[in-house]
Amino acid sequence: MGTNIPYGSPLANKLQSAGLFAANTQRNTTINRLTGKFPQQAETESTIRQQTSTSMPIVRCMDLQKMAGDEVLFDFINHMGGKPIMGSRNAEGYGKPMSFAQDRLRINQARYPISAGDTMTQQRTPHELRKLGRTLGEAYMNRLQDQLSLVHMAGARGFHNNVEWAVPLANDPDFAEILVNPVRAPSKNRHLMSTGSGLERVAASGNEISLATTDVFNADLVDALRATLDTMPLPPPAVEFDGDKLAADSPLRVLLCSADQFNGFTQSPGYRTYLANAIARGQQMGNHPLFTGGDTALWQNILLVKMPKPIRFYAGQPINWCQSYTSDVETTTDLVPAAFGTTHAVDRAILLGGQALAEAWGKHRKTGNPFFWSEKELDHDDKLELLVGAINGRSKVRFEVDHGSEKQITDHGIMAIDTAVKLGVAG
């Protein structure tokens, strides 16, 4: 005879939580595809804290000893520079010291309760409300995780808002607590904007960001971005996908674009070639799903992928930015030009290299997993309430990079590119 595990039992809670954890880490979404596989601890020294591959944009630390409210530390080593000592000149005592930087993030629990109705509701409806509630709760938590990652990587929530957003606007009183770690505007050396035919550093005039409605996203911008990556010091490291045989000879970076930015790029005369490039590269790694969909393109070794929701700023709304290379103090008073009106907005594209976002997961004290379910009967067992929760946190990886003459605040694996977009009916 089979074993029936009723709701509310400790065993059911643990099994259900493990299932939710597995489903979330394997979810078929763009953001999750940018996270490397979980390696064995002994594979490399970089996995000493059980980190995923450091060549993927999202670095996931599964330190399950951490509890809600704990802090997780990530260590980084600065680039070694300087000239060599030649010939028989004395080298002893002239060793260059290794320079380390450290970033940190906190984790906390997020919970989402769902009412599964009372006794009479269960009698009146043909649906299994408990089962539906679990499905809805799992879908909500998956959506929340992706959106939290997107906002942290973009360095802004933006102002696009509809019922699909689980993350509230930045002016919501609970915004900071929901994000767990501060949302940090792009560092100055990682923040660019379109000129309509290229790129330039973010600037403002008269408390308006220096963008025009003609400064759009197109193939010329991608060309300029590649040239920038080739000439800038210490660019975001390349991304290496599992099974990519061309990773060493033809390194890639990923550019997350809003749907409107991507649609603008598809107007380029060579778009069908760019789409074919992505499919061909994906076939080199066993038809990787990130490359083989219709919403991707590969040009200049930059893989363009549609992001799940736009990071969007409308006319008269602020775009936070950093004016100094050596400080992360944000200017918050410069706005999208009033001339954008109701027909145009500013969307942010996000270039991702390796180690762009740090994501840390803790454990629930009862289940031992980062995700957990709870089911509770209320009002003398008349009503049933479900609750889904997760203990984790994420933060854009940022530290001081030594450029010789100065140490610059640097978003290690991310660049933000702001462009104008023409709004459609649903904009």
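A few points on the structure.

How each quantity is defined
Residues numbered from 1 in each chain as written. Predicted model: local features only at pLDDT ≥ 70, side-chain atom pairs only at ≥ 80, totals over all residues. Heavy atoms only, no water. Salt bridge = Lys/Arg side-chain N within 4 Å of Asp/Glu carboxyl O. Helix = DSSP H or I, 4+ residues; strand = E, 2+ residues; numbered from the N terminus. Buried < 20%, exposed > 50% of the residue type's maximum accessible area, 1.4 Å probe, protein only. Pairing = 2+ DSSP bridges. Core = buried A, V, L, I, M, F, W, Y, C linked by side-chain atoms within 4.5 Å. Lys, Arg positive; Asp, Glu negative; His and termini not counted. Contact = heavy atoms within 4.5 Å. Expected span 1.5 Å × (residues − 1). Polar contact = N/O pair within 3.5 Å; in protein donor to acceptor, adjacent residues only side chain to side chain. Arc of directions from axis to C-beta.

1. Focus on the pattern of salt bridges
On inspection of all chains with the given rule, the structure shows 9 salt bridges. Residues Arg-312 and Asp-347 are paired through a salt bridge, measuring 2.7 Å at the closest nitrogen-oxygen approach. Taken together, the residues Arg-312 in strand β12 (residues 312–314) and Asp-347 in strand β15 (residues 344–352) connect sequence positions 35 residues apart. Asp-347 gets classed as buried once you look at its relative accessible area, which sits at 0%. Across the pair Arg-398 and Asp-411 runs a salt bridge whose closest N-O atoms are separated by 2.8 Å.

2. Thoughts on the pairing of strand β9 (residues 253–257)
Across the 5 residues that make up β9, a large majority, 5, are buried. Here β9 shows a buried face lined by Arg-253, Leu-255 and Cys-257 and a second buried face lined by Val-254 and Leu-256. Bridge analysis of β9 against strand β11 (residues 302–306) gives 5 bridges, and the strand direction is parallel. By the bridge assignment, Val-254 is partnered in β11 with Leu-303.

3. Structural notes on unusual backbone geometry
Residue Asn-207 is not a glycine yet carries a positive backbone phi of 65°. With respect to the element layout, Asn-207 can be found in the loop between β7 (204–205) and β8 (208–209). A residue is classified by how much of its surface remains accessible, and Asn-207, at 45% relative accessible area, is partly exposed.

4. Digging into the nonpolar core
The biggest cluster of nonpolar side chains holds 53 residues, and the ones touching the most others in it are Phe-241, Leu-256, Ile-350 and Leu-352. It is helix α4 (residues 129–154) that contributes the most residues to this core, 8 residues altogether. Within the second largest apolar cluster, 24 residues are counted, among which are Phe-262, Phe-265, Leu-275 and Leu-304.

5. Quick word on the environment of Leu-73
The residue Leu-73 is located in strand β2 (residues 71–77) in this model. Relative accessible area serves as the criterion here: at 26%, Leu-73 is assigned to the partly exposed category. Here the alpha-carbon distance between Leu-73 and Ala-358, two residues 285 residues apart in the chain, equals 9.7 Å.

6. Quick look at the side chain of Lys-188
The residue Lys-188 is located in the loop between α5 (175–179) and β5 (191–194) in this model. Put simply, Lys-188 is tucked away with no salt bridge, and the nearest opposite charge, on Glu-406, sits 10.0 Å away. Those residues in contact with Lys-188, other than ones at most four positions away along the chain, are Arg-201, Cys-322, Gln-323, Ser-324 and Tyr-325.

7. A word on helix α6 (residues 219–231)
Given a rise of 1.5 Å per residue, 13 residues ought to cover 18 Å, and the 19 Å separating the end C-alpha atoms of α6 matches this to within 8%. Listed as buried for α6 are Ala-219, Leu-221, Val-222, Ala-224, Leu-225, Arg-226 and Leu-229. With a side-chain oxygen positioned 3.2 Å from the backbone nitrogen of Asp-220, the residue opening α6 is Asn-218.

8. Describing helix α7 (residues 259–266)
Among all positions of α7, only Gln-261, Phe-262 and Phe-265 are buried. Within α7, the buried residues cover an arc of 95° as seen down the axis, which keeps them to one side.

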